Structure formats: C-alpha cells, structure tokens
Amino acid sequence: MHILTIGLSHKTAPVEIRERLHIPEGELGSVLARFVTNSPLRECLLLSTCNRVEVYGVSDDLEEAERLIPERLAKETATPLDLFRDRLYTLTAEAAVRHAFKVPASLDSMVLGESQILGQVKEAYQAALRAEATGPVLNTLMERALSAAKKVRTETGIGESPVSVPSAAIGLAKRIFGDLQGRTILVLGAGKMSELAAKQLIADGGSSLIVSNRNFERAIELAERLQGRAIRFDRIHEEMLTADIVLCSTAAPHYLLRQADLQELIWQRRNRPIFLIDIAVPRNIDPAANQIDNVYLYDIDDLEGVVAAHRADRAREADRAALIIEREVVGYLRWLQNLEVVPTIVTLRERLETIREAELTRALARLPQLSHEEQEVIRAMSRAIINKVLHQPTTELKRQWAHRDGRLYVNVLRRLFGLQDER
Amino acid sequence: MDLVFFYAALILYLGGTGGYLVLLFVQRAHISAFATASTLGGLSLHTVAILARLYLTGRPPLATVYEALSFFAWATALVYLFLEFRFQKKLMGSFVLPIVLLFTFIAAVVPKEGVGPDRVPGAWIWLHVGLVFLGTAAFALTFCVGLMYLIQERLLKSKRLSPVLFRLPALEFLDRLAYKTLAIGFPLLTAGLIVGAVQAHARWGSYFSSWDPTQVLSVITWLIYAMLLQARLTAGWRGRKAAILSIIGFGALVMTVLGVNVMSRGLTAFH
C-alpha cells in the first residue's frame with residue numbers, strides 16, 4: 001500500500017497551464033468516480049484551485065498509479081499530456097504525507113498564511129467523501145491535516161498580518177473601529193485602484209459603501225457593482241460628516257482635502273474618529289492632517305510599509321508552523337504503521353495459535369492419564385513458546401516499519417508464513 | 001488569621017500579573033488560561049481574607065489603611081475579571097493587574113492595625129470609604145484603558161507597527177469602555193464624598209475644611225473627573241485628550257488616597 005501525490009502548482013507551472021487543468025467543483029465527483037473505477041487507485045482525492053491541481057492517491061501498485069494519474073488528468077481536462085508532464089511533481093510515502101499536511105496549513109501557498117486554502121481543501125475532501133472515492137487512509141490523512149491546519153492558524157501568527165495594501169488598510173481600520181459592522185465607507189474616485197481596495201474593505205460584509213467621482217456616471221457604475229450608492233462630487237463634505245473610513249484614489253493633481261478642511265471636519269464630527277486611506281499618487285490629502293487628533297491618515301507608502309514589516313513576521317511564524325506540522329506528520333505515520341503492521345501481527349499470531357491449539361489437542365489426547373495440573377503445565381508451555389517466538393519478530397517489524405523498506409518486511413513476513421496475499 | 005489568605009492572594013495576583021505581562025509578547029492558550037486562573041484564584045482568596053476580617057473584627061473591613069487598600073485592590077480585580085469575562089480582551093489584564101498587585105503589595109506592607117475599636121466611628125465612615133474606593137476601582141480601570149488607548153493611538157499615528165499594536169483592543173472599544181467606567185465611578189465617588197462631607201459636618205461642624213489636605217485633594221480630584229465627564233458629554237472630548245485627563249485624574253486620586261494615610265495629622269486620616 002502506497003500513498004502518493006501527483007500534481008502541479010504555482011511553483012512548477014505558469015497560470016496558462018494551471019488553468020487548463022482546473023477541474024470545476026461540480027465535476028469533481030464524477031471525475032473522482034472515474035479515477036477509482038478500473039484503476040490501481042484504491043483511494044483518491046482531487047484538489048483543484050487557482051494555484052494548484054493535485055491528485056492524492058492510495059494504491060498497491062505504485063508504478064501503475066504513477067503512470068495512470070497523469071494520463072487520466074490529461075484525458076479528463078482534454079489537455080495534451082506533453083504540455084504539462086514535465087511540470088508535474090510526484091511525491092510518495094512520507095514526502096506525500098508531509099505535503100498533504102503542509103498544503104491546507106498554507107505552507108505551500110503563494111502567500112504564506114492565506115486563509116482560503118483551508119476551505120478549498122475541506123471542500124475537495126467533502127467532494128471525495130460524497131463520491132465515496134476515499135477510504136480509511138486518506139480520510140484519516142485529510143482529517144488530521146485539516147485539524148493541524150486549524151491548529152497552525154490559532155497557535156501561530158501566520159495568518160495574522162496583512163500582505164497587501166488593502167488588507168493592511170483593513171487591519172488598521174479594525175485597530176481603530178474594532179470590527180467594521182455598520183461602518184460607512186466613502187470612496188473618492190472610481191478607478192481600478194478604488195474598486196480593488198473598496199472590494200476588500202467591504203468583503204467582510206456589514207458595512208455600507210458610498211462612491212463619489214467627478215464623473216458621476218462612473219460613480220454610479222462602481223456603486224452598482226459594489227452594491228453601494230453614488231453621490232455627486234460636490235456633496236462629499238456632507239457625507240464625510242458621517243463616514244468612518246474614506247478611501248481616496250482620484251486623479252486630482254492637488255490636495256482635495258487640506259489640513260484646515262479636516263480640522264474643521266473633525267470638529268463638526270465632535271471628534272468621532274475618521275480613518276483616511278490615501279492611495280493616490282500624487283496624494284489627495286494633505287499629509288499634515290495626520291497630526292489632528294482623531295484623524296488617522298495613511299498614504300500608499302505607509303500602507304506598503306505595514307505590509308513589508310509583516311512579511312518578516314510571517315516567515316518567522318511559518319517556521320513555527322512547520323514544527324507543528326512535523327509533529328502531526330509523525331503522528332500520522334505512526335497511525336499508518338499501526339494500520340499496516342498490526343493486522344499482520346494479529347494474523348501471524350492467529351496462525352500460530354491455530355497450530356498451537358491443534359498440536360496441543362493431539363498431544364493431550366495421547367496422555368489421558370495426566371492430572372489437571374499436569375495438563376496445565378503442558379498448556380502453559382505451549383503458550384510460552386508461541387509468545388517467546390513472536391516477541392522478537394513483532395518488535396523488529398514495528399521498528400523496521402518506520403524506515404524506507406518497512407513495507408518490505410511486512411510483505412516478506414506474510415509471504416514466508418503464508419498469510420493472506422501481499423498488501 | 002485572615003492575613004494568611006491575604007498573602008496567598010498576593011502571590012496569586014503576582015502569578016496573574018506575570019501571566020498577563022507575558023501575554024503582551026507571546027500569545028499562547030495556556031498562558032492566557034493561567035493568567036486568568038491565577039487572578040481568579042487570587043480574588044477568591046482575597047474575598048475570603050476580607051470576609052474573615054469582617055468576621056474577626058465584627059465590622060466592615062474599611063477602617064484601617066490596610067483594609068482600605070485591600071478593599072480597593074479587591075474591587076479593582078473584581079471589576080476587571082467581570083470585564084474580562086464579558087469582553088474577553090485579555091490584554092487589559094496586562095495593565096490592570098499591575099495596579100492590583102501594587103496596591104495589594106502596599107496593603108501587605110503597611111501596619112495592619114488601626115487604632116482599636118474604641119475609636120471606631122459610626123457606620124457612615126464605612127459607607128464613605130466603601131463608596132470612594134469603589135469609585136476609585138472604576139477609575140483605576142478608566143486609567144488603564146486610557147493608558148492602552150494612548151499607547152495604541154501613538155503607535156497608529158507614528159505608523160510604527162509593533163505586534164503589540166495588533167493585540168490591543170480597538171480604539172473605539174477602549175474609548176467606550178473608558179466612558180462606561182467613568183460613568184460608573186463618578187457617581188460612586190460623588191456619593192462617597194457627599195457622605196464624607198455630611199459626616200465631617202456632623203463631627204466637626206463644617207462640610208469642608210480648606211486646611212485639611214485630604215479634603216482639598218479630594219475636591220480637586222473630583223473636579224478633574226467632573227470636568228472629564230462634562231467634556232465628554234458636551235464638547236465631544238474623546239480619545240486622546242480624555243485619556244490624558246483620566247490619567248491625571250487617577251494620579252490625583254491615588255495621591256489623595258495615599259496622602260490620607262501619610263498625612264496623619266489631617267482630620268480625615270485613618271487613625
């Protein structure tokens with residue numbers, strides 16, 4: 001029995017190739033069903049995200065599985081095998097297990113600590129469960145990997161710090177306002193940058209969005225796309241009285257908001273704090289405004305500084321995460337060992353017990369004159385022989401299993417003793 | 001006998017303080033659980049100590065320096081644990097527990113006995129001391145919250161980002177909490193001072209004596225907090241200025257309270 005992973009990721013293949021191999025969520029079930037029918041794969045799981053396509057499998061015939069999976073992938077996605085064959089990586093045994101643990105914990109992701117991958121792996125697992133394509137080996141692997149990933153998220157800071165300008169802005173906004181439920185976000189400028197940043201700001205839901213732009217039509221368009229409302233540009237000062245966050249990204253060549261304006265504004269707001277995000281270049285808001293109490297102003301450089309400062313943190317937390325993952329990998333490997341080794345030991349013992357019983361019965365039948373105590377001595381001897389004979393092989397088998405050739409020992413033992421066919 | 005429990009509480013508070021301070025830098029579930037458990041344990045033992053004192057002396061334990069400070073520390077710890085339970089913002093503990101610890105420690109080193117029971121005044125004195133110290137406990141929290149606010153505000157404004165910034169509660173939360181504790185502490189302090197003034201009138205013939213440093217300080221402190229409350233409500237003074245003022249106010253309050261005992265010549269001293 002072998003575990004293997006075959007696939008490609010952002011590390012080995014560009015997006016043009018990855019997107020061709022993408023398998024939509026709805027089709028996962030049927031593709032999986034085809035993967036396990038008439039195939040050397042006993043168990044199978046498919047993970048297909050925008051950054052990776054991977055097949056996790058359990059098979060008794062490793063070579064056959066390694067040959068088959070790329071072919072099936074090519075067929076299912078109508079992509080010529082030669083196009084991506086050299087982009088594939090193949091991992092087996094311990095390496096495959098480690099990879100399976102690293103992926104949902106975001107340690108193999110483009111952005112360390114990203115939170116999407118955990119949900120994606122969970123969905124892939126559930127699709128595989130529904131298609132009944134997995135069995136005990138992958139089920140336990142996935143469940144432990146998912147719970148380890150959760151542990152990594154809660155026990156390390158890996159997911160905490162922001163890695164993009166908009167997420168840095170959100171993090172700062174939360175420092176000021178707590179969560180963003182019920183907050184009002186005013187967006188000045190309806191360009192691409194505004195849209196990207198605004199989308200992230202409202203992503204958590206619960207906040208209302210107002211868009212304004214010199215060109216009112218553009219403002220309306222953007223507002224519709226983001227489910228907010230649009231206002232005319234000359235009305236922005238009114239809206240600023242009640243907005244909590246103001247995102248500025250207009251093409252104005254001069255300051256739209258000067259320090260004096262903001263001083264007046266904060267006074268009119270009776271000092272209710274306001275968070276100004278100025279991602280325009282040249283800047284829309286006079287940087288001196290940051291000196292005003294209860295006004296928090298961050299420009300594009302400030303936000304990028306936040307992101308940079310956190311990159312080092314994430315790397316450090318990733319090291320800690322790797323340690324947690326390693327412990328979990330060891331635990332799983334031990335479980336797997338018990339799965340393989342224990343049945344063999346049990347079967348061996350059963351075989352020896354059968355022999356013992358038979359011989360014991362025959363011997364005692366020839367010695368009818370023995371007293372009960374004397375019979376007991378014979379019985380005890382037979383048990384002791386079996387136990388002592390078994391002790392060394394059992395211990396050695398368990399010890400060897402952890403090593404590369406461990407499975408070999410199991411197979412040899414089964415063959416030598418004529419236990420059921422090789423696993 | 002009650003002192004055994006008190007000292008044990010002090011040790012547990014020490015553990016709790018240590019736990020919360022470590023939590024500022026390192027976030028682990030078991031450190032967090034330890035800090036809370038240690039503080040809770042300390043509070044329980046402290047409660048026992050106070051009740052034991054009550055039983056032993058047959059009167060509310062608010063008559064001596066030791067008793068008053070102990071009560072203050074107890075009330076502060078109690079309110080803090082309630083807030084922690086309600087809001088789960090454990091980092092507040094890093095600020096509040098040192099104060100609890102400090103005053104428990106001071107209480108531990110001052111003489112435990114006041115003058116004997118023959119000098120025990122009427123029940124009004126307990127009310128005065130009790131109310132004032134309950135108010136002070138609330139203001140201790142306003143102080144801590146104000147301190148946390150200032151730290152975070154400075155970090156945000158200067159754009160210097162340390163991990164601590166991301167662990168402190170949000171500014172709005174701190175500001176609202178500061179207001180709530182202020183709104184609780186102020187009536188308590190006011191009531192306590194009124195009781196004190198009435199008592200002063202009953203015993204010495206005048207509501208207020210400008211020769212008594214304690215009374216003067218009390219009034220100054222009260223005025224600071226009154227100003228703070230007023231400014232918040234009407235002029236929309238919030239955030240930084242309010243935080244600074246609440247820190248000054250608490251400073252004045254502490255001076256008043258400690259001064260009461262140092263300046264034993266004053267009328268209202270514990271004697």
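1. As for unusual backbone geometry
Residues and elements named next belong to chain A.
Thought 1: At the junction of Val 281 and Pro 282, the peptide bond is cis and its omega measures out at 0 degrees in the coordinates.
Thought 2: Note that Pro 282 resides in the loop between β9 (274–278) and β10 (295–299).
Thought 3: In this model, Ala 78 sits at a positive phi of 50 degrees, which is unusual for a non-glycine residue.
Thought 4: Note on Ala 78: relative accessible area 62%, which makes it exposed.

2. Considerations on the environment of Ala148(A)
Residues and elements named next belong to chain A.
Thought 1: Note that Ala 148 resides in helix α7 (residues 136–155).
Thought 2: The sequence separation of Ala 148 and Ala 105 amounts to 43 residues, and the corresponding C-alpha distance is 7.3 Å.
Thought 3: Once residues lying within four places of it in the same chain are set aside, the contact partners of Ala 148 are Phe 101, Ile 325 and Glu 328.

3. Quick look at the side chain of Thr39(B)
Residues and elements named next belong to chain B.
Thought 1: Considering the arrangement of structural elements, one finds Thr 39 in helix α2 (residues 29–57).
Thought 2: Judged by its relative accessible area of 0%, Thr 39 is buried.
Thought 3: Within the local environment of Thr 39, its side chain forms a polar contact with the backbone oxygen of Ala 35, the two atoms lying 2.8 Å apart.
Thought 4: With sequence-adjacent residues up to four places away left out, Thr 39 is seen in contact with Leu 12, Tyr 13, Gly 16, Tyr 20, Leu 81 and Leu 97.

4. With respect to helix α1 (residues 2–25) of chain B
Residues three or four positions apart in an α-helix share a direction because the helix packs 3.6 residues into each turn.
Thought 1: Helix length check: α1(B) (24 residues) gives 36 Å between terminal C-alpha atoms against 34 Å at 1.5 Å per residue, within 8%.
Thought 2: When we look at burial in α1(B), the residues that qualify are Asp2(B), Phe6(B), Ala9(B), Leu10(B), Tyr13(B), Gly16(B), Thr17(B), Gly19(B), Tyr20(B), Leu23(B) and Leu24(B).

5. What to know about empty space enclosed by the protein
Residue and element names in this part refer to chain B.
Thought 1: Counted under the stated rule, the structure contains five cavities of 30 Å³ or more.
Thought 2: Of the volumes computed, that of the largest cavity is approximately 60 Å³.
Thought 3: Forming the walls of the largest cavity are Asp 2, Phe 6, His 46, Ala 49, Ile 50, Arg 53, Pro 61, Tyr 66, Glu 67, Ser 70 and Phe 71.

6. Section: the packing of aromatic side chains
Residue and element names in this part refer to chain B.
Thought 1: This structure, assessed with the given rule, holds 13 aromatic pairs over all chains.
Thought 2: Relative to Phe 133, the ring of Phe 72 has its centre 6.2 Å away and its plane inclined at 50 degrees; by these criteria the two rings are tilted. Placement of Phe 72 in helix α3 (residues 65–87) and of Phe 133 in helix α5 (residues 123–158) is noted, with a sequence separation of 61 residues between them. Of the two residues, Phe 72 and Phe 133, both sit in the buried class.
Thought 3: With 4.9 Å between their ring centres and 75 degrees between their planes, Phe 87 and Phe 173 make a pair best called edge-to-face.

7. Remarks on helix α6 (residues 116–130) of chain A
Residues and elements named next belong to chain A.
Thought 1: An ideal rise of 1.5 Å per residue puts 21 Å on 15 residues; α6 measures up with 21 Å between its terminal C-alpha atoms.
Thought 2: Turning to α6, its buried residues number three or more, namely Ile 117, Leu 118, Val 121, Ala 124, Tyr 125, Ala 127 and Ala 128.
Thought 3: Tucked into the core, α6 has its buried residues touching α2 (25–36), β2 (41–48), β3 (52–59) and α7.
Thought 4: Once α6 finishes, Glu 132 follows within two positions and takes phi at roughly 55 degrees, a positive value.

8. A look at the sheet that holds strand β4 (residues 89–92) of chain A
All names here are of chain A.
Thought 1: The strand order across the open sheet built from four strands is β2-β3-β1-β4, with neighbouring strands paired in antiparallel fashion. Each edge of the open sheet carries a strand with a single partner, namely β2 and β4. Here the strands of the sheet are splayed against their neighbours by 15 degrees on average, with no regard to which way each runs.
Thought 2: Inspection of the sheet shows strand β1 (residues 2–9) paired to β4 by four bridges, in the antiparallel sense. Paired with Gly 7 across the strands is Tyr 89, a residue of β4.
Thought 3: Where α2 meets the sheet, it contacts β2 and β3, and its direction lies at approximately 150 degrees from that of β2.
Thought 4: Taken strand by strand, helix α3 (residues 62–76) contacts β1, β2, β3 and β4, and its axis lies near 30 degrees from that of β1.

9. Observations concerning the interface of chain A and chain B
Thought 1: The partner chain B presents 26 residues to the 26 residues of chain A that form the contact.
Thought 2: Between chain A and chain B the total buried area reaches about 2100 Å² when both faces are included, carbon and sulfur atoms providing 47% of it.
Thought 3: Applying the counting criterion to the chain A and chain B interface returns two salt bridges.
Thought 4: Residue Arg240(B) pairs with Asp293(A) through a salt bridge whose shortest N-O separation is 2.8 Å.
Thought 5: Seen at the junction of chain A and chain B, the total is 13 residue pairs in polar contact (both at pLDDT 80 or more).
Thought 6: Secondary structure elements with two or more residues in the side of chain A that touches chain B: α8 (165–177), β10 and α13 (300–366) of chain A.
Thought 7: No other element matches α8(A), which puts six residues into the side of chain A that touches chain B.
Thought 8: Among the residues making up the side of chain A that touches chain B, the classes are represented as 10 nonpolar, seven polar and nine charged.

10. Considerations on the pattern of salt bridges
Residue and element names in this part refer to chain A.
Thought 1: Evaluation of the coordinates by the stated rule reveals 31 salt bridges over all chains.
Thought 2: With a shortest N-O distance of 3.8 Å, Asp 60 and Arg 42 are connected by a salt bridge. With Asp 60 in the loop between β3 and α3 and Arg 42 in strand β2, the pair connects residues that are 18 residues apart, well separated along the chain.
Thought 3: Arg 383 is the salt-bridge partner of Glu 376, the closest N and O atoms lying 3.5 Å from each other.
Thought 4: For Glu 376, a relative accessible area of 32% corresponds to the partly exposed category.
Thought 5: If you follow the salt bridges from partner to partner, you end up with Lys 11, Arg 52, Glu 54 and Asp 108 in one network.

11. Brief notes about the nonpolar core
Thought 1: Counting residues in hydrophobic clusters, the biggest one holds 113 residues, and the most contacted among them are Phe275(A), Ile277(A), Leu303(A), Tyr225(B) and Phe250(B).
Thought 2: If one sorts the elements of this core by residue count, α5(B) sits on top with 16 residues.
Thought 3: If sequence neighbours within four positions are ignored, Phe275(A) has contacts with Ala169(A), Leu172(A), Ala173(A), Ile176(A), Phe177(A), Asp244(A), Ile245(A), Val246(A), Tyr296(A) and Tyr298(A).

12. Considerations on the environment of Lys199(A)
Thought 1: By the secondary structure assignment, Lys199(A) is in helix α9 (residues 192–202).
Thought 2: For the pair Lys199(A) and Arg225(A), spaced 26 residues apart in sequence, the C-alpha separation works out to 9.6 Å.

13. Let's talk about the environment of Phe166(B)
Thought 1: Tracing the backbone shows Phe166(B) in helix α6 (residues 163–167).
Thought 2: Considering only alpha carbons, one finds Phe166(B) and Gln152(B), 14 residues apart in sequence, at a separation of 8.9 Å.

14. Section: the sheet that holds strand β8 (residues 245–248) of chain A
All names here are of chain A.
Thought 1: Judged by pairing direction, the sheet is parallel, and its six strands sit side by side in the order β7-β6-β5-β8-β9-β10 without closing on themselves. The open sheet terminates on both sides in strands that have one partner only, identified here as β7 (229–232) and β10. For this sheet, the mean inter-axis angle between neighbouring strands, taken without regard to orientation, is 20 degrees.
Thought 2: Bridge analysis of β9 against β10 gives five bridges, and the strand direction is parallel. Within β10, the position partnered with Ile 277 by the bridge is Tyr 298.
Thought 3: Docked against the sheet, α9 engages β5 (184–188), β6 (208–213), β8 and β9, running at close to 175 degrees with respect to β5.

15. With respect to the confidence of the model for chain A
Reading predicted coordinates in detail is not appropriate for stretches of low pLDDT.
Thought 1: Per-residue confidence for chain A averages 88 on the pLDDT scale, and 98% of its residues sit at or above 70.
Thought 2: For chain A, per-element mean pLDDT is lowest for helix α15 (residues 406–416) of chain A, which scores 82, and highest for β9(A), which scores 94.

Reading guide: rules and limits
Residues numbered from 1 in each chain as written. Chains lettered and ligands numbered in written order. Predicted model: local features only at pLDDT ≥ 70, side-chain atom pairs only at ≥ 80, totals over all residues. Heavy atoms only, no water. Helix = DSSP H or I, 4+ residues; strand = E, 2+ residues; numbered from the N terminus. Buried < 20%, exposed > 50% of the residue type's maximum accessible area, 1.4 Å probe, protein only. Contact = heavy atoms within 4.5 Å. Polar contact = N/O pair within 3.5 Å; in protein donor to acceptor, adjacent residues only side chain to side chain. Expected span 1.5 Å × (residues − 1). 1 Å grid on protein atoms, 1.4 Å probe; cavity = no way out; pocket = protein on both sides within 12 Å on 5 of 7 lines; lining within 4 Å. Points joined across faces, edges and corners; volume = space filled by probe spheres on them. Phe/Tyr/Trp six-rings, centres within 6.5 Å; stacked < 30°, edge-to-face > 60°. Pairing = 2+ DSSP bridges. Axes fitted to C-alpha atoms, helices over the stretch in contact; angles between N-to-C directions. Buried area = accessible area lost by both parts, 1.4 Å probe. Salt bridge = Lys/Arg side-chain N within 4 Å of Asp/Glu carboxyl O. Nonpolar A, V, L, I, M, F, W, Y, C, P; charged D, E, K, R; others polar. Core = buried A, V, L, I, M, F, W, Y, C linked by side-chain atoms within 4.5 Å. pLDDT = per-residue confidence, 0-100.

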